[in-house]
Amino acid sequence: ITHIGPIIPQHATVTRYAAALGVVFFIFAMRAALAPLLGLQAPLLPFLLGVLLSAYLAGRGPAFMGTALTPLLATIWFTSWPGDAPPGQWLSHVAFFVLLSVITTLFMHALQLTVRRANANAQSAQRSAAALREADRRKDEFLAMLAHELRNPLTPVRNVAHILRRSPDAATVRRAGDMLARQAS
């Protein structure tokens, strides 16, 4: 999984915060356009999607910025606060929105960290598997060379054994011993 975000790179700070602002203002514009249909009920609800999208695109910091900006925009644009409802009622809506936004942002951040770690672990496992394959290949080469080198000295030993079986006189034994000594050095 590679598309869990943040999509915008960490080093592009201005771009990340600009994207979060863009998302918040886009949701704000959509909510304002839908105000005749939706009325003034739950003006903060669509912005929760904006916070989630900001966290996905730009990361934790920009999502927290969106969390702080949203209640201000909603209070100014979609309410007549403090005149339209008791102050505690709107403040409880804002507190609930902030709580949900913070939880959403932290959940998205934890998910992003987990995916990054999983991707890093997968890459490490691939590198380890490649290293193991290389070590196995080198082991096979070494064993093949060792088998070849061990076979070569055994040929004169077999020849001497064959000669000694046929004619075990002292001169033959001496020549066979000299041949073995030359092969051993």
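Heads up: the structure comes first, above all this text.
The shown structure was predicted, so the numbers you read here are calculated from the model rather than taken from an experiment.

Colleague: Whenever I open this one, helix α1 (residues 13–38) confuses me. Can you help?
Modeller: An α-helix turns once per 3.6 residues; consequently, residues spaced three or four apart project the same way. Over its 26 residues, α1 runs 35 Å from end to end, which matches the ideal 38 Å to within 8%, given 1.5 Å per residue. Its maximal kink placed at alanine 32, α1 deviates by approximately 35°, while the proline proline 36 follows within four residues. For α1, the full list of buried residues reads Arg16, Ala20, Val23, Val24, Ile27, Phe28, Arg31 and Ala35. Looking at the buried residues of α1, the elements they touch are α2 (45–58) and α3 (60–78). Positive phi shows up at glycine 39, right after α1, with a value of about 75°.

Colleague: Even after reading the chapter, I still don't get the pattern of salt bridges, so can you show me in this structure?
Modeller: Applying the stated criterion across every chain yields a total of five salt bridges. Across the salt bridge formed by glutamate 134 and arginine 137, the nearest N and O atoms sit 2.4 Å from each other. Of the two residues, glutamate 134 and arginine 137 are both situated in helix α4 (residues 87–166); the distance of three residues between them amounts to about one turn of the helix. The exposure class of arginine 137 is partly exposed, given its relative accessible area of 37%. The partner of aspartate 136 in a salt bridge is lysine 139, with the nearest N and O atoms 3.1 Å apart. Here aspartate 136 pairs with lysine 139, and both are found in helix α4, just three residues apart, close to one helical turn. Lysine 139 sits in the partly exposed class, given a relative accessible area of 41%.

Colleague: Looking at this model, I keep getting lost on the nonpolar core. Mind explaining?
Modeller: Across soluble globular proteins, nonpolar side chains have a tendency to be buried as a group. In terms of nonpolar packing, the biggest core is built from 16 residues, with Phe28, Leu44, Phe47, Ala74, Phe78, Trp90 and Phe97 touching the most fellow members. Looking at this core, the elements that each hand over two or more residues are α1, α2, α3 and α4. If near-sequence neighbours (up to four positions away) are discounted, phenylalanine 47 is found in contact with Val24, Ile27, Phe28, Arg31, Thr70, Phe78 and Phe97.

Colleague: Mind showing me how you'd approach the packing of aromatic side chains here?
Modeller: The relative placement of two aromatic rings is captured by the distance of their centres and the angle of their planes. Applying the stated rule across the entire model yields one aromatic pair. Their ring planes at 70° and their centres at 5.4 Å tell us that phenylalanine 28 and tryptophan 77 sit as a pair that is edge-to-face. With phenylalanine 28 in helix α1 and tryptophan 77 in helix α3, the pair connects residues that are 49 residues apart, well separated along the chain. Take phenylalanine 28: its relative accessible area is 15%, and that puts it in the buried class. Look at tryptophan 77 and you get exposed, because its relative accessible area is 54%.

Colleague: Help me understand α3, please; the structure alone is not making it clear to me.
Modeller: Here α3 spans 26 Å end to end across 19 residues, near enough to the 27 Å set by a 1.5 Å rise per residue. Within α3, the axis deviates most sharply at leucine 69, by approximately 25°, and proline proline 71 lies no more than four positions further along. Of all the residues in α3, the buried ones are Pro62, Ala63, Gly66, Thr67, Thr70, Pro71, Leu73, Ala74, Thr75 and Phe78.

Colleague: I'm lost on the environment of isoleucine 163 in this one. Help?
Modeller: With respect to the helices, strands and loops of the structure, isoleucine 163 is situated in helix α4. Judged by relative accessible area, which is 32%, isoleucine 163 ranks as partly exposed. Measuring from C-alpha to C-alpha, the distance between isoleucine 163 and alanine 176 comes to 7.7 Å, with 13 residues separating the pair along the chain. Among all residues touching isoleucine 163, those that are not within four sequence positions of it are Thr172 and Met179.

So, how was this worked out
- Residues numbered from 1 in each chain as written.
- Predicted model: local features only at pLDDT ≥ 70, side-chain atom pairs only at ≥ 80, totals over all residues.
- Heavy atoms only, no water.
- Helix = DSSP H or I, 4+ residues; strand = E, 2+ residues; numbered from the N terminus.
- Expected span 1.5 Å × (residues − 1).
- Bend = angle between axes of the 7 residues up to and from the residue.
- Buried < 20%, exposed > 50% of the residue type's maximum accessible area, 1.4 Å probe, protein only.
- Contact = heavy atoms within 4.5 Å.
- Salt bridge = Lys/Arg side-chain N within 4 Å of Asp/Glu carboxyl O.
- Core = buried A, V, L, I, M, F, W, Y, C linked by side-chain atoms within 4.5 Å.
- Phe/Tyr/Trp six-rings, centres within 6.5 Å; stacked < 30°, edge-to-face > 60°.

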